[in-house]
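Analysis of the macromolecular model
Spelled out, the chains give:
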Amino acid sequence: GDGARVPALIIGSGYGGSVAALRLAQAGVDVHMIEMGKSWDTPGSDGKIFANTRTPDDRSFWLRTRTKQPLSNFLGFPIDKNVSRHTGILDAEEFSGITVYQGRGVGGGSLVNGGMAVTPNRERFGAILPSVDADEMYDVYYPRANAGLGVNEIDRAWFDTTDCYQYARVGRKHAERSGFDFVYVPNVYDFNYMKQEAAGNVPRSALAAEILYGNNHGKKSLQQTYLAQAAATGRVTISPLHRVTSVTPAPSGGYTVTIEQLNTGGGVTATKTVTAGKVFFAAGSVGTSKLLVKLKATGALPGLNNEVGKGWGDNGNVMCGRANHMWDATGSLQSSIPTVGIDNWEEGGAFAEVAPLPTGIETYASFYLSITNTPHRAQFSYNAGTGGVDLNWQTSWKQTSIDMAKSIFDKINRKEGTIYRTDLFGFYKIWGDHLTYHPLGGAVLGKATDNHGRLHGHPGLYVIDGSLIPGNTSVNPFVTITALAERNIDKIIDTDL
Ligand code: FDA
């Protein structure tokens, strides 16, 4: 309630926030989590909590009046449609030059993402987080994160025969014929549940094109894992539809946190202040960066250093499709959960997920999301004119990522005698180079913070989310975000409480 005092306040309920909440609560600390999105626990008029990708509705997007689907076109035709403004689940946040997709709600990105749970190759870890002890990460914290998240692997024999992964088997065949390393990728979607879906025994989710706007079944999002465990301690309370707007030192010690309560139309219905002993920024790379940059510039947190807002990257995301020959049909039934990838990181700087295109009809298309080793990093800065925070991303920077992705797909196209699809991102547009799903950085570990996420200049303030990671993880990021949060909160509980 308004005017309350809490020992620990966490801004955001994604991976970093959920790890912090559970571990602090287990250490005996009462925790209050503030989450600007909904709690996603109540069915809509169709009886379902989450909308389907084929029929997006008000629930699908964060405060937009028109959908902004990552794949904007099909057969060259735009597929976006009008919806009413609602605190929906997927935010397509637009900065100049890039649209950053993020999850909104209790569970953050875990609500919307594809569940691909990838631990980076150990040899690459030094380039991802140079100041972090890799032995400790690979011996203790990556295993702890994988266990906490409920990561599982697909049964290879089932993969080889099920209709719903025909598209992935075509992806495998083409990758192998071109000599690329093909890898199976673990996931937090329960593959046993998926088998039951295929057998017709349970309600379908992955096999009914659910992804991006939430999964009604099968996926272990943070609500089912870390947050369920946190709730069971009895020490964690969560305020959904509450947005933190300010954090500033309190005269009596600790921090005064200003919080707006939202209605589902996005309007502010109340403004509250809470005093917190410690504050954990876990609003995601963009959310945390925006808050810190603004609070420094407006004098609310004057002690923050000049590294705040820097080192932001897109994990090198680019998307593309390939048009297959008629004998390489990819199937009308496609599991929305990706489970395989092509690894050309050492040679060409790209790791590509073989992604679904779950349209429900045969498209003869292979679709890919590539993660690339791009060197480009952008910076957030406060705009006094608008009161907002800008990002200086350059559209042309994606060309580096496209070139890296082409190290895979040009070769496959030559080998197979195939071409790129040109109808998925606009009229005659091959590359989905306008977006990222993987924002990282903005409050980089060892720069804006010390080596465990303590913000410089203000004791008792911590960063514990994807903003700590300097722009790239070489693979999908949430396992690394979770493992790093596990490592940092261990240290903080040992030494700061
Ligand atoms: P995260 O973004 O999860 O959580 C931050 C939370 O803070 C959000 O719930 C937000 O609403 C809240 N918040 C922000 N500002 C606030 C404020 N001022 N006040 C209160 N609350 C606030 N990764 C992966 O490893 N495998 C995958 O398969 C995929 N796939 C994928 C698909 C799609 C469509 C997306 C959008 C993303 C992915 N990702 C992914 C990325 C992954 O989901 C992402 O890296 C993590 O969710 C980031 O975790 P964080 O803890 O940093 O923040």
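Model, not experiment: these values are computed from the prediction.

This next bit is on the overall build of the protein chain. In terms of regular secondary structure, the protein chain is built from eleven helices and 20 strands. Here the C-alpha radius of gyration of the protein chain, 22 Å, is about what a compact globule of 497 residues would show, namely 23 Å. Here the C-alpha coordinates of the protein chain stretch approximately 70 × 50 × 45 Å along the principal axes. For the protein chain, with 497 residues in total, the buried portion stands at 56%. Considering only contacts within the protein chain whose residues lie at least 6 apart along the sequence, 72% involve residues at least 24 apart.

This part covers the site of the ligand. As a structural note, the neighbourhood of the ligand is formed by 39 residues, with G12, G14, G108, G109 and G287 the closest of them. Take the shell around the ligand: its biggest share by element is four residues, from helix α8 (residues 284-297). Looking at the shell around the ligand residue by residue, the classes come out as 16 nonpolar, 19 polar and four charged.

Within the UniProt annotation, "domain: Glucose-methanol-choline oxidoreductase N-terminal" (unreviewed entry) is assigned to residues 96-293. A distance of 17 Å separates the end C-alpha atoms of residues 96-293, which is 32% helix and 22% strand.

Here we come to the environment of P7. Among the secondary structure elements, P7 is positioned in strand β1 (residues 5-11). Take P7: there are 16 C-beta atoms within 10 Å of it, and that puts it in the partly exposed class. Taking C-alpha positions, P7 is 27 Å from S221, a pair spaced 214 residues apart along the chain. Residues in contact with P7, not counting those within four places in the same chain, are V29, D30, G277 and K278.

Helix length check: helix α5 (residues 166-177), at twelve residues, gives a terminal C-alpha distance of 16 Å against a target of 16 Å (1.5 Å per residue), a fit within 8%. Listing the buried residues of α5 in full gives Y167, A168, V170, G171, R172, H174 and A175. Of the surrounding secondary structure, the elements contacted by the buried residues of α5 are β7 (181-184), β13 (340-344), β14 (350-355), β15 (365-372) and α10 (398-416).

Right, let's get into the sheet that holds β13. Strand order in the open sheet formed by six strands is β7-β13-β14-β15-β12-β18, with antiparallel pairing between adjacent strands. If you trace the sheet from one side to the other, it starts and ends with β7 and β18 (419-420), each paired once. Pairing between β14 and β15: six bridges, direction antiparallel. Note on β15: the bridge partner recorded for A352 is S370.

A few words on helix α6 (residues 191-199). Every buried residue of α6 is listed here: F191, Y193, M194, E197 and A198. The buried residues of α6 occupy an angular sector of 150 degrees when projected down its axis, which confines them to one face. Among the exposed residues of α6, those pointing more than 90 degrees away from its buried face are N192 and A199.

The next thing to look at is the pairing of strand β12 (residues 318-323). β12 sits mainly inside the fold: five of its six residues count as buried. Where β12 meets β15, six bridges bridge the pair, whose relative direction is antiparallel. From the neighbouring strand, G321 faces β15, where its bridge partner is F367. With two bridges joining them, β12 and β18 adopt antiparallel strand pairing. Within β18, the position partnered with A323 by the bridge is I419.

What follows concerns the packing of helix α3 (residues 134-149) against helix α11 (residues 478-496). One can describe the packing of α3 onto α11 by two numbers: an axis separation of 8 Å at closest approach and a directional angle of 115 degrees. Taken as axis vectors, α3 and α11 run roughly perpendicular relative to one another. Relative to α11, the crossing made by α3 is right-handed. Taken together, the residues of α11 that come into contact with α3 (itself represented by E136, M137, Y141, Y142, R144, A145, N146, G148 and L149) are V479, T482, A483, E486 and R487. Considering only residue class, the contact of α3 with α11 consists of seven nonpolar, three polar and four charged.

What counts and what doesn't
Residues numbered from 1 in each chain as written. Predicted model: local features only at pLDDT ≥ 70, side-chain atom pairs only at ≥ 80, totals over all residues. Helix = DSSP H or I, 4+ residues; strand = E, 2+ residues; numbered from the N terminus. Rg over C-alpha atoms; globule rule 2.2 N^0.38 Å. Buried ≥ 20, exposed ≤ 12 C-beta atoms within 10 Å, placed from the backbone. Contact = placed C-beta atoms within 7 Å. Near = placed C-beta within 6 Å. Nonpolar A, V, L, I, M, F, W, Y, C, P; charged D, E, K, R; others polar. UniProt positions renumbered as here; feature names shortened; annotations may be inferred. Expected span 1.5 Å × (residues − 1). Pairing = 2+ DSSP bridges. Arc of directions from axis to C-beta. Axes fitted to C-alpha atoms, helices over the stretch in contact; angles between N-to-C directions. Parallel < 35°, antiparallel > 145°, perpendicular 65-115°, else oblique. Left-handed = near helix turned anticlockwise from the far one by under 90°.

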